[in-house]
Every structure is written in C-alpha cells, then in structure tokens.
Amino acid sequence: MQYNPGWNSSSVNLLHVRAVGPADTLHFIWSSIGAPAVLLVVSGSRNSTLGIDWTRLLSPAPAGAVWIDPPSSVIYSTAVVFTKVFEYSEAKTEELFYPTYDLSDFSWDSVNRTLNHTALTAEFTGIPAADPSGSFSNGSLAFRVTAYEASSRDGPLPSLLHTANSSKVEFVLAGVAPRGNSSRFVLEVATVEETGVAQKLRSTRSIDDEYTPTIFETLSLVAESRNGSSARSFLQWKATAYGSPSPRREDNIQCRSRGLQAANWTLPVSSIVRAYFGEGAGSTYTVSAINISFGGEDGKVYQEKRYLSWSVLLGFGQPPQDTFSPLVISIMAVALGTPLLMLLVGSCALLFTQGKRYSDYEPIN
Amino acid sequence: MGHPFWTKQRSYFCYDNPAALQTQVQRDMKVNTAQFMSLYAWYSWPNVVLCFFGGFLIDRVFGIRLGTIIFSVFVCVGQVIFALGALLNAFWLMDAGRFIFGIGGESLAVAQNTYAVSWFKGKELNLVFGLQLSMARIGSTVNMNIMGWIYSRVQDLLGYAGPSTLGLTLMIGGVTCLFSLGCALILAYLDRRAEKLLHKEQGKTGEVIKLTDVKDFSLSLWLIFVICVCYYAAVFPFIGLGKVFFIEKFRFSSQEASAINSIVYIISAPMSPVFGLLVDKVGKNIIWVLCAVVTTLASHIMLAFTFWNPWIAMCLLGVAYSLLACALWPMVAFVVPEHQLGTAYGFMQSIQNLGLAIIAIAAGMILDTRGYLFLEVFFCACVCLSLIAVVMLYFVNHFTGGDLNWSAKKREKLQKVAATEAEEQERLRRQNEDDLAKLQPKPDGFSLRNKYLSKLGAQLPDNYSSCLSTMVHRSVLK
C-alpha cells in the first residue's frame, strides 16, 4: 500500500494498492480528489508500476495524468465512482427530497493517519465543505477500504466472502443528523467501463443465510464483455446495511438497489477517472449508474443509532460464490443417516428372527 | 353449553401473541431473538412442575369451580402484566407476565377437560374433546391474523411505534382473557345450580400422581416421551419464529406471513377429530406416528433447502401435527397400567414443557448467530431424533411382543377374549368361594348339637351328618 506516491503533501488523498499475482498485477487506486473513486487496472505483467503526474492531476485538465507502466500490459481497466448521497423522507404518498450531498464538494481528512499496513485498511473521512443545515456538525461520511491477500471470509457482518482479487469498501455514515423524521438515504454509484463491456445487475437468492443471518439475497453488478460472457469485474454486496459499528443481526437496515442505467451525461467529477480514461465520454468508455437506497419501512433504525454501514466488494473476475459450511452438511448427514441405518439394521434383524422362529417352535395343534 | 369452549379459546388466543407480533416486539422493546423467545420459555417453566399438581389442586384443594375461576384470574392477571411490561418498557415485567399466564393457562386446560368429562359422559366425550381442541386452535389462528392489524391501527392512532403502542395492542388482546374469566364465573354458577337441581357431583379429574411410579416406566414409554419432546420442539418454536422467516426468505407480506404461520392451527382444527376417528378405527398407532414424523421431516427439509411455495410445506406440517397428536397420546394408555396413567401423562407434559422452554431459547440464539438455514437444520435434527425414537419403538415393541402396533380389530378381538376369560375366572372364583363357604362350620346351635352328638357316637339321620357332605364335595375341591 502506498500513500500519495511521489507527493509530499497530505491535503489530497491517493491510495495505491498493488496486488501481485502469479501472472498479473492488480492496481487499486483509491482517491478522494473530486468525488471519491477507485480505479481498478489489471496488468498482465508482474512488474507494472503506477505513474502519476501530480501537477497535471491537480490541475483543472487532468487527462493523461495517471498511467500504468508499461501501458501495453494493461488487460482491463474500470472505475467506480461514488457521486452523490440523496436524503429523502417519505410522506404518505410522495417523497420529499432534501438537498443532495454532492460528494465532489466534500473536504477529506488525510488518509495517512488511518493507514494500517498489517490489516491492510485505510479510511477516507470527509464532511461537506459547505454545510448550511449543520447535519454534519457531529458526524462524518467515510469510506473504509480493506485490501485482501487471500481468499477467506470477513469476520464481522455481513461476512462477505472474498478472494485475493478483490477489495472491500465500506460506506459509513456516522453521526450525521437526518433532516427529516423518517429520512432515508440513497447512495449513487457510477461505474466507468471501456467500450465493449456492459454492466448487468444480478440478484442471487440463495437458501443459505448462515453468514448474514436472515439475509438471503446477494446482488452483483457484473461487467461482462459483449462478445464473450466472462465476467471482467464485479461489485458484490448483500442486500443489507448495518446500524452499528459492531453489527449484529438485529441492527440490519433494509437496502435496495435500483435503477441501473446508462448515464452518458457529464463524467463524474473525479480527477483520477478523467486522468486515466481521458475526456472521451461515450466514445472510449461508457458510464452507468445505480442507486442504492437504505432504510426500512420507517427509517427508524438510523434515526436512533445514527450509524449506517454498507459493505461492497470490488474485484476482478467472477464474483465469489457462497457455499454451505461443512457443519451444516455434517449435521444433515448424521441426522438423516442414523435413522436410515437403524431402519436397515432393524429390518435385517427382523427378517433374521422371523426365519429363526419358525424353526425353533413346532406347531402345537 | 358452549361456555367451556369459550374459556379455552380466549386463553389460547393469548398464548401465541408473541409470534404474531415478533417484529414489533423486537423493534419496540429492543430485544434480540433469544430474549424474544424467552417469552415462550417463561410460559413453559411453571408447567414443568404444575402438570403434576394441576389434577391434585382441582380435585383436593380448590374443587373444579373455584379452580377454574382461580386459573382464569391467573390468565387475566398474567396478560395484563405482560401488556403493562410493554407499556412501561420493562422487558422483565413482560417475562413475569408470561410466567403468571403460564401458571393459569395449562391448568385451565385441565379444568376444561374435567368440566367436559363431568357434563358429557360416554360417546359424546370424544366429540366434545375434538371440538374443544378445534375452538382452541381457532383462537390461536384469529390471534395470529388479527394482532398485526390491531397493532397498525393503534400505531395510526398514536402516531408512532414504540413500547406504548405495543402495550396498548396487548391490552386490547388481553380483553379476551376477561371474557374467559367471565365465562368461568358463569360456568361455576351453572355447575352449582346443576349440582343442586340434578344432584350431580362436582367433577373430578380422578388423577392420582405418584412420582415413585416413574421407576416402573417401561422402555417403550420412555421412547414415547422422547418422540413427544423432540417432535413438539420442532413445531412450536418454529411457529413462534416463523413469521419473519416467511417475510425474509420467501418475500411474503406481513399479512401473508401471519396467515401461513397460522395454517398449522387452521388445519388441525378440522383434522384432529377426523384423524382421531381414523386412528381409533384402524389402530397401528406406531405406523401413524412414523408417517407423521417423516412428513414433518419432509416439510422442514422443503422449507430449509428449497424455495418451493411454503404453503405446501406448512399444510403438510399441519396434517402431520394433527396426526401425531391423535396417534401418540393414546399410546401411553396402552403401555401404562391404569393406576399409573395420571403420573405418566403428567410426566409427559412436564418434560414436554421443559423441552419447549429450553429449545425456544436455543432457537432464538441460533437464529441470531447463524441464521435461518442453520435453525431449520437444527429443527430437522430434532425431528430426526424423534424419528430414531419411533424406529426404535417399533422394533422394541415388535421384539418384546408389545401391543402398541396392533390394528384396532386385533385389539378388539383380544379385548373380547380377555373379557370372556376374566368372566370365566370370576365365575370360577365365585363358585370356589361358595364351595368353601359350605365347608366352613356353621356357627349356629343346630350344627353344634349335631357335631357334639356325632362325636358322642349317637346315630344321626344321613341328611344331618356334616362329614358326609364334606365327602361329597371332596372330589370337587382342587
């Protein structure tokens, strides 16, 4: 993990995570310059490096300020931008929207202090530069980033299964005062893809909710290339958010995703994305956006706890699939097998003794 | 004559109040699932001990009339304290309310049955018991479907959802317990009138509990206990937690989830008398129990591992539940001598309540930590344990020549043979007694004189000689 490589000031944040595999390298570039975004570049060479032209990056025209050396080794690249947070409250029949929080107008704390090289985590915390309603006076919005070295499962809920090809980003709203009595929040997530790659939202309902109790649905936003159908990158999350820093089942907040649409309007104001992809919106890349809404039937959980945390996994390749734990399988095997075994043994004993009985006794009459 | 039914319906209405309002209770009182299930556990704890004493209290201490009134008062007070706990936002008070409610609830059922036996003797009794059970089940069903609606009306009235909303809803539900108390009072008055006018005795349960009899229980009886505990542990806690399961996994709306949760009771209301008749006519109880347990296992597996329409699985569960109740409880009467029957039934209910209390809390904890799939697997394991006990019971019964699995015809035939044998033995016994009486010296003056004179050697006519008659009878004596 590298923080602001080649730049000494900590007024801007750029985190570069490099995952080196047997045959390729994954570069995760997290940044809060402009709207918070992550750039994922997959390079076919194990020795690829990131090059940044800082002066150009921080200028109003950052195109070409970020590149991977050697440029020919890049297999695939994509970006995910978190653009806006909406807040609305639902009256009887209509929805009342409060002024949007535009994430590109936020000022961010330095990530250097939150960098943890052993746990491979970092936190981007920010508050709006202008806060007329004072809702952020005691609170903040944060993106917690975790990088993974191996396949395993997260400890705390929602216990996402991850591989070494993925990283987790957690969207956290802490202490932000809601502006209505039953406010709900919506996070807008935009993805930038190369042409020839389409985004699909898939909802998988599984019978297994062992790792996230009572949540049966997993959503994946999968980028597939149009000619083949192999997944190139994915965003995966469980259909739930949690209302507590150490979440338990009863803290869960309903989470719904809707409205995946192509958004060919102006590119999200993220310097990283512009720097890497250039300015050709619509021609060299496509933009799609999706809204993730949080809040149950009455939005009460956030009201009391003032904490919201939503985890999403970003990675390269196929999204990981959950399987049954060995405990479940072994219990079912023993539970179903024992009576069957007993029935078999008992029937054999029955047949055996019936045969025997006829030979031991003679009929009396 | 509908009064005995109405008292039972009202108290069953309140038993499943928690299940109907699980989401609301957990949200308003801020408790996790294990604490929520403690509401059921506290209902069962007093009945672990009270099952033994219910009959005794009704027969010897209170009498049926006073007993019913006292238990109804307990039910009302318990429900009021339960609702009060919600109003005051004190969960421990809700637990206490359920405890008091439990003291009254199960003993009220015993009193119910005693009234029925006292008023409807003979053939009508089966019908009466069946109708009683149906009424109770209808009460549970109505509760499941109405309480959620009452809660949303109260919420609209108050404008917010919180402990007071929950408390008010439970108070409204508790009003039905007042009806129960009213019916108990009317019933007592009618029974006293009947006693005066018809010279009818006060009903008695007739139960005799001797705990030392427990050591005499046969292996078959213990296996029946295991079947009972493991089976009901996989049904009642499941219904208690079922509503949220159907909402989350199968995406049902709240009303639909309540409806499907109550289908087990709705089905058992008409099917109990039908199955009762069937098992009585056909016999072969163990086979019916086996069918019921296997069906329940299939139903739980369907709910756990597939997304198939849960109405199918729940209907199967309802059918299996009614069948098991009709086939299992009579088996106790076949393996236990009549004077131990009270103890056996009391013991069975006691450990059933113990099992329910423990498993209810365990189920809540499993749900919080591991989710619904694991919970269903746990219930499947319980049913499998029950299945193992049934299989063992079948073989034990077969190899020891027991009579649990006889068909009804065979049982009737053997009963007839046993009856004629008993008659024959009785006749012989009476004859022997008569013979012995004739041989005894008669303590009157005439025979004494005869004996004295014969000892002296005086000649007596033959018909006055006592030793001649002895010799006549000697060949008959064995």
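Residues numbered from 1 in each chain as written. Chains lettered and ligands numbered in written order. Predicted model: local features only at pLDDT ≥ 70, side-chain atom pairs only at ≥ 80, totals over all residues. Heavy atoms only, no water.

- As recorded by an unreviewed UniProt entry, chain B carries the name Lysosomal dipeptide transporter MFSD1 and is attributed to Columba livia.
- Word for word, the UniProt comment on chain B under Subcellular location (unreviewed entry) is "Lysosome membrane". (UniProt positions renumbered as here; feature names shortened; annotations may be inferred.)

- Going by what an unreviewed UniProt entry lists, chain A is known as Glycosylated lysosomal membrane protein and is assigned to Columba livia.
- Quoted verbatim from the Sequence similarities (unreviewed entry) field of UniProt, the annotation for chain A is "Belongs to the GLMP family."
- UniProt, in the comment section headed Subunit (unreviewed entry), describes chain A in these words: "Interacts (via lumenal domain) with lysosomal protein MFSD1; the interaction starts while both proteins are still in the endoplasmic reticulum and is required for stabilization of MFSD1 in lysosomes but has no direct effect on its targeting to lysosomes or transporter activity."

### Quick notes on the overall build of chain B
Reasoning step 1: Check the secondary structure of chain B and you find 17 helices and zero strands.
Reasoning step 2: Evaluated residue by residue, chain B yields a buried proportion of 51% over its 478 residues.
Reasoning step 3: Long-range pairs, those at least 24 residues apart, make up 79% of the contacts in chain B between residues at least 6 apart in sequence.
Reasoning step 4: Working note: accessible area of chain B is about 22000 Å², and carbon and sulfur atoms make up 67% of it. (Helix = DSSP H or I, 4+ residues; strand = E, 2+ residues; numbered from the N terminus. Buried < 20%, exposed > 50% of the residue type's maximum accessible area, 1.4 Å probe, protein only. Contact = heavy atoms within 4.5 Å. Areas by Shrake-Rupley, 256 points an atom, 1.4 Å probe, with all protein chains shown as cover.)

### Thoughts on the domain arrangement of chain B
Reasoning step 1: Taken as a whole, chain B is organised into domain 1 (1-207), domain 2 (212-430) and domain 3 (447-478).
Reasoning step 2: Each of domain 2 of chain B and domain 3 of chain B was reduced to a C-alpha centroid, and the two centroids are 68 Å apart. (Domains from an automatic or database assignment.)

### Re the interface of chain B and chain A
Reasoning step 1: The partner chain A presents 30 residues to the 34 residues of chain B that form the contact.
Reasoning step 2: Buried area between chain B and chain A, summed over both chains or domains, comes out near 3000 Å², and the portion from carbon and sulfur atoms is 70%.
Reasoning step 3: It is B:F307, B:R370 and B:L373 that lose the most area in chain B upon contact with chain A, and together they represent 18% of the buried surface on that side.
Reasoning step 4: Taken together, the connections running from chain B to chain A amount to two salt bridges. (Buried area = accessible area lost by both parts, 1.4 Å probe. Salt bridge = Lys/Arg side-chain N within 4 Å of Asp/Glu carboxyl O.)

### Examining the environment of B:A333
Residue and element names in this part refer to chain B.
Reasoning step 1: Within the secondary structure, A333 sits in helix α13 (residues 310-335).
Reasoning step 2: Since its relative accessible area comes to 37%, A333 is described here as partly exposed.
Reasoning step 3: Sequence separation between A333 and K196 is 137 residues; the distance between their C-alpha atoms is 35 Å.
Reasoning step 4: Once residues lying within four places of it in the same chain are set aside, the contact partners of A333 are L341 and Y345.

### Some details on the environment of A:S159
All names here are of chain A.
Reasoning step 1: With respect to the secondary-structure elements, S159 resides in the loop between β13 (152-153) and β14 (161-162).
Reasoning step 2: Residue S159 is classed as buried on the basis of its relative accessible area, which comes to 6%.
Reasoning step 3: Spatially, the C-alpha atoms of S159 and Y211 are 5.9 Å apart, while their sequence positions differ by 52 residues.
Reasoning step 4: When near neighbours in sequence (up to four residues on either side) are disregarded, S159 contacts R153, D154 and Y211.
Reasoning step 5: A distance of 3.5 Å separates a polar side-chain atom of S159 from the backbone oxygen of Y211. (Polar contact = N/O pair within 3.5 Å; in protein donor to acceptor, adjacent residues only side chain to side chain.)

### What about the pairing of strand β19 (residues 231-238) of chain A?
All names here are of chain A.
Reasoning step 1: Of all eight residues that make up β19, seven are buried, and the element is covered over most of its length.
Reasoning step 2: Two strands pair when backbone bridges link them, and strand β18 (residues 217-225) and β19 are joined in this way by seven bridges, in the antiparallel orientation. Note that in β19 the partner of E224 across the bridge is A231. (Pairing = 2+ DSSP bridges.)

### Considering the pattern of salt bridges
Reasoning step 1: Per the counting criterion, the structure on display carries 16 salt bridges over all chains.
Reasoning step 2: The closest approach of N and O atoms between B:R153 and B:D156, which form a salt bridge, is 3.2 Å. In this pair, B:R153 and B:D156 both sit in helix α6 (residues 124-158), three residues apart, roughly one turn of the helix.
Reasoning step 3: Look at B:R153 and you get partly exposed, because its relative accessible area is 42%.
Reasoning step 4: Several salt bridges share partner residues, and in doing so they unite A:E123, A:R144, A:K168 and A:E170 into one network.

### Details of the packing of helix α9 (residues 236-250) of chain B against helix α10 (residues 254-261) of chain B
All names here are of chain B.
Reasoning step 1: Relative orientation of the contacting elements α9 and α10 amounts to 140 degrees, with a least axis distance of 8 Å. In this structure, α9 crosses over α10, and the sense of that crossing is right-handed. Only S254, A257, S258, I260 and N261 of α10 make contact with α9, whose side of the interface consists of I239, G242, K243, F246 and I247.
Reasoning step 2: Within the contact of α9 with α10, the residues separate by chemical class into five nonpolar, four polar and one charged. (Axes fitted to C-alpha atoms, helices over the stretch in contact; angles between N-to-C directions. Left-handed = near helix turned anticlockwise from the far one by under 90°. Nonpolar A, V, L, I, M, F, W, Y, C, P; charged D, E, K, R; others polar.)

### Some thoughts on the pairing of strand β16 (residues 183-194) of chain A
All names here are of chain A.
Reasoning step 1: For β16, the buried fraction is high: eleven of the twelve residues fall into the buried class.
Reasoning step 2: Where strand β7 (residues 74-90) and β16 come together, eleven bridges link them in antiparallel fashion. Opposite F86, over in β16, you have V186 as the bridge partner.
Reasoning step 3: Pairing of β16 with strand β22 (residues 285-294) involves ten bridges; the strand directions are antiparallel. Paired with E188 across the two strands is N291, which belongs to β22.

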